[in-house]
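Letter by letter, the chains look like this.
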2 protein chains.
Amino acid sequence: METARIEDIWDVIVVGAGFAGLKAAFELKKAGKQVLVLEARDRVGGRSKAGEIHGQTIDLGGQWVGPQQKLLLAQAKELGVKTYSQFTTGASLVSRDGSVQSYHSNIPKLPIISLLEIARLERRWNKEAKTLPVGKPWLAEKAMRWDAETVESWILKNVRTHAAQDFIRAIVGALFCCNASQLSYLFFLEYFRQGQGLEVLISTKGGAQQDKFVGGAWQISKLIADQLQDHLILNSPVLAIEQDVDHVRVDCQTRSFKAKKMIIATPPVLASRIDYVPALPIKREKLLQSMAMGAVIKVHLAYAKAFWREQQFNGAVVSTDRAVSIVFDQSPEDQNHGVLLGLIEGDHAIALSALDVETRRQRVIADITYYFGQQAAHPLEYIEQDWLTEEWSQGGYVAHMPPGVMTSYGDCIREPFGHIHWAGTETATEWSGYLDGALQSGIRAAKEIINTY
Amino acid sequence: METARIEDIWDVIVVGAGFAGLKAAFELKKAGKQVLVLEARDRVGGRSKAGEIHGQTIDLGGQWVGPQQKLLLAQAKELGVKTYSQFTTGASLVSRDGSVQSYHSNIPKLPIISLLEIARLERRWNKEAKTLPVGKPWLAEKAMRWDAETVESWILKNVRTHAAQDFIRAIVGALFCCNASQLSYLFFLEYFRQGQGLEVLISTKGGAQQDKFVGGAWQISKLIADQLQDHLILNSPVLAIEQDVDHVRVDCQTRSFKAKKMIIATPPVLASRIDYVPALPIKREKLLQSMAMGAVIKVHLAYAKAFWREQQFNGAVVSTDRAVSIVFDQSPEDQNHGVLLGLIEGDHAIALSALDVETRRQRVIADITYYFGQQAAHPLEYIEQDWLTEEWSQGGYVAHMPPGVMTSYGDCIREPFGHIHWAGTETATEWSGYLDGALQSGIRAAKEIINTY
């Protein structure tokens, strides 16, 4: 590869212009450092992304914020991005075992014995999650035991009612975009600790899906990026990183850059594909290779009006038997028209990703029509975002750990390697997997550098 | 990247000159095809590799052959490579819970109740393995259930005695070079089916470690490669593969090649790092990303004589409490001197890989001395092969599947993608993980191409 002449030595190079990388760069700039951000895509935002349906700007990626996510709320406030509530007036729907029912709480309508069981399990998860040392879940007394278990094997051993089993599987799909059989029970508990329990994680009011950003969450990354001015280069995938005693050289396809320190703020699998000299420590390499990104396709459907509201439905669906497993109302605030968003996760996403767009569109509309009736059969517009085919995400929302990964490799997740520090929502200690966790990780990585040189 | 002029259109390009790729190329050549093999390393052999200790040629990688491995035996015979028996005269040693004991069977000396339990478990595994359809374990009646379980969670649920639990963990280490918590129980059963049961897999006499090749197993790859003459290019990592209707273009750093068909015969993680246009099907991408290579360091120690033989030991050790968990006699047939080989696996390998070579050497010698006494304390020579730091292997012996991988993505493991066919020991249906399985996969992939055009 031809490398351009290295003209400047930056204080810090940040790889990845998602929420984590941008926040890190911003904090470093504020501390007087010369920072350069390199982004593989032709846009900033990472797993947040702007889209449009029927004239309305929408989030094709991460979008919600809960009252517990104080970093994200503060960031939005600082940038002048306002929030509004997720629409929740009316009944939600649950689709399972071939029928659709409505309900009015955070937990779908299930047989009473299953609801009692879920309440008991929730108490148990909260109790177990409390035993995980903050930032060091691998040190919990029962860490080895929990990390040997998949959530699915845990379900089969500990959950008695069919409906509760399916409910937990649906939660895993909704939170991690993978199968319960692919997920470490220790990782599941750590997520609950970070997200303050099941109720907060899955709820709208009072929970992680309470509010949305007027104009979209993607704006936050855009507005931070604007402040970095010309210290951000798009379309520049990093191919190789070479460290010596004093510096790190970062090679893109046609240019190289040099810095004293750097922060890698990409999804784990992408970080593992960079060519490092010297090579990454084996444990770090194993960690990056082992963390699998979830599988998710986000769809939006626009209608002339939000007809479900007239039927006293809030537009929310949880499904355990159809491909579109989560649905929310995404209608514009002025209610000029109606919009539903749907999430297709895990194996459903992988199967639907392989179809042509027209077949996939029909499958999605069939599911939405199954939930809401014939009025849903002819959307004015259909927009889809397949995160699986995004080369620089490799899936979404977040990378998870299969069993035996956290206890074997997890303790190096934030450990710098020479001049390289690590950010990204996967490295957060609160709200990992969320935009808020991405911000936290950026702040932490920036601090590591500011404090040490 | 500068690409050279594409001068020829090959019938088939094979990526990877390990046993699988070389065998595939050889079969295609025999069928009259014009074949080109591209190899990233400066040598052929893949996970087999020549080394030398004290003037004796040794295998730094795969080396054994069992009477069931008929393809490998036939291949060696055809090439004139002779076999000889693994030395087994005398007692083996087992190191567990801080003490070393000798024993004379395939199963280490354990409390009788644990031995009875292991015998019972072995019958169960054989029975369960028999229910796996050949080449399609994901279709077994209980596939979902078994694939949701790690071997460790299965142990904790099904194995009562401490010694039997440790024994199974040691087997997982010895066969897969990973922790029991990282391995799908379904994958574990499939391995047993492919390897004809526990007894065959772990035994010397009558089993997979019965014989070795005079001069080393690596010669087999060398001798096949010799027959391909100048149709093999070393030092040529494949960076990108682009397919159109009729052809596939393969880009290396400075040259490109064109063919009608191709076979990729690399470890899964390396195949996942090639840049494909069009992109790999998501399911294939997920499969390649999810299969984790085991972690192994192979060491050899040379002594003036095989002193353990004089003490009526055969040189074999199985350990559940030290880093060097497997030891075998590797003395030359003429017995001019003595050689022991040791295997360090899983987390032990990852920990020792991070040390400097002198500290690692001392740790290894300390373990060998712990097993065999002070006579082992001063080897004449110490040779190590860390497969974790081999860029073009990324570990060894074989990639395994964590839970939920086989049932979600496994069914595409041998499914061609356009002009691309897949080989490598991981794709074998008998003796996957072994040199024999590599040969089988090469023959099968070559046949797919020969039969279809």
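Here is what the cut-offs are and how they apply
Residues numbered from 1 in each chain as written. Chains lettered and ligands numbered in written order. Predicted model: local features only at pLDDT ≥ 70, side-chain atom pairs only at ≥ 80, totals over all residues. Heavy atoms only, no water. Helix = DSSP H or I, 4+ residues; strand = E, 2+ residues; numbered from the N terminus. Rg over C-alpha atoms; globule rule 2.2 N^0.38 Å. Buried < 20%, exposed > 50% of the residue type's maximum accessible area, 1.4 Å probe, protein only. Contact = heavy atoms within 4.5 Å. Areas by Shrake-Rupley, 256 points an atom, 1.4 Å probe, with all protein chains shown as cover. Lys, Arg positive; Asp, Glu negative; His and termini not counted. Charge placed at Lys NZ, Arg CZ, Asp CG, Glu CD. Domains from an automatic or database assignment. Buried area = accessible area lost by both parts, 1.4 Å probe. Salt bridge = Lys/Arg side-chain N within 4 Å of Asp/Glu carboxyl O. Pairing = 2+ DSSP bridges. Axes fitted to C-alpha atoms, helices over the stretch in contact; angles between N-to-C directions. Polar contact = N/O pair within 3.5 Å; in protein donor to acceptor, adjacent residues only side chain to side chain.

This next bit is on the overall build of chain A. Of the regular secondary structure elements, chain A holds 16 helices and 22 strands. Rg of the C-alpha trace for chain A: 22 Å, near the compact-globule value of 22 Å for 453 residues, within the 12% margin. Its C-alpha atoms give chain A principal-axis dimensions of roughly 65 × 50 × 40 Å. Burial status across chain A gives 65% buried among its 453 residues. A separation threshold of at least 6 residues defines the contact pool for chain A, and within that pool the share at least 24 residues apart is 73%. For chain A, the exposed surface amounts to about 16900 Å²; the carbon and sulfur share of it is 52%. In chain A, 48 side chains carry a positive charge and 51 a negative one; their mean positions are 5 Å apart.

Residue and element names in this part refer to chain A. Assigned domains within chain A: domain 1 (10–46 + 218–280 + 417–451), domain 2 (83–106 + 203–213 + 296–386) and domain 3 (111–198). With centres defined by C-alpha atoms, the gap from domain 1 to domain 3 works out at 32 Å. Counting residues at the interface gives seven residues for domain 1 and eight residues for domain 3. Note on domain 1 versus domain 3: buried area summed over both sides is about 620 Å², and carbon and sulfur give 43% of it. When the area that domain 1 buries against domain 3 is broken down by residue, the three leading residues are T429, E430 and W431, summing to 63%. The interface formed by domain 1 and domain 3 holds one salt bridge in total. Notably, a salt bridge pairs E430 with R193, separated by 3.2 Å at the nearest N-O pair.

A few words now on the sheet that holds strand β20 (residues 381–386) of chain B. Strands belonging to one sheet form pairs held by backbone hydrogen bonds; the direction of such a pair is parallel or antiparallel. All names here are of chain B. Strand order in the open sheet made by the seven strands is β8-β7-β17-β18-β19-β16-β20, with mixed pairing throughout. Since the sheet does not close on itself, it has two edges, and those belong to β8 (99–103) and β20, each with one partner. Neighbour-to-neighbour, the strand axes of the sheet open up by a mean angle of 20°, direction not taken into account. Bridge count between strand β7 (residues 91–96) and strand β17 (residues 313–319): four bridges; the pairing is parallel. Bridge pairing in β17 places S95 opposite S319. Contacts from helix α13 (residues 346–353) reach β16 (296–303), β19 (338–345) and β20, with the element oriented near 100° to β19.

Residue and element names in this part refer to chain B. The antiparallel open sheet is built from three strands, whose spatial order is β5-β9-β6. Both outer strands of the open sheet, β5 (64–65) and β6 (83–85), are each paired with one neighbouring strand and no more. In this sheet, strand β9 (residues 211–213) lies alongside β5 in antiparallel orientation, the contact comprising two bridges. When the bridges of β9 are listed, W64 appears paired with K212.

With that settled, consider the pattern of salt bridges. All names here are of chain B. Evaluated as defined, the whole model comprises 54 salt bridges over all chains. For E128, the salt bridge is made with R124, and the minimal N-O distance between the two is 3.0 Å. Taken together, the positions of E128 and R124, both in helix α3 (residues 112–130) and four residues apart, correspond to about one turn of that helix.

The subject of this paragraph is the interface of chain A and chain B. Opposite the 38 residues of chain A that make contact, chain B presents 38 residues. Taken together, chain A and chain B are joined by two salt bridges. Among the salt bridges present, the one from A:E285 reaches B:R273, with a minimum N-O distance of 3.0 Å. Along the contact surface separating chain A from chain B lie 18 residue pairs in polar contact (both at pLDDT 80 or more). Mapped by element, the contributors of at least two residues to the side of chain A that touches chain B are α4 (143–147), α5 (151–158), α11 (282–290), α13 (346–353) and α15 (406–409) of chain A. Among the elements that take part in the side of chain A that touches chain B, α11(A) stands out by supplying five residues, more than any other.

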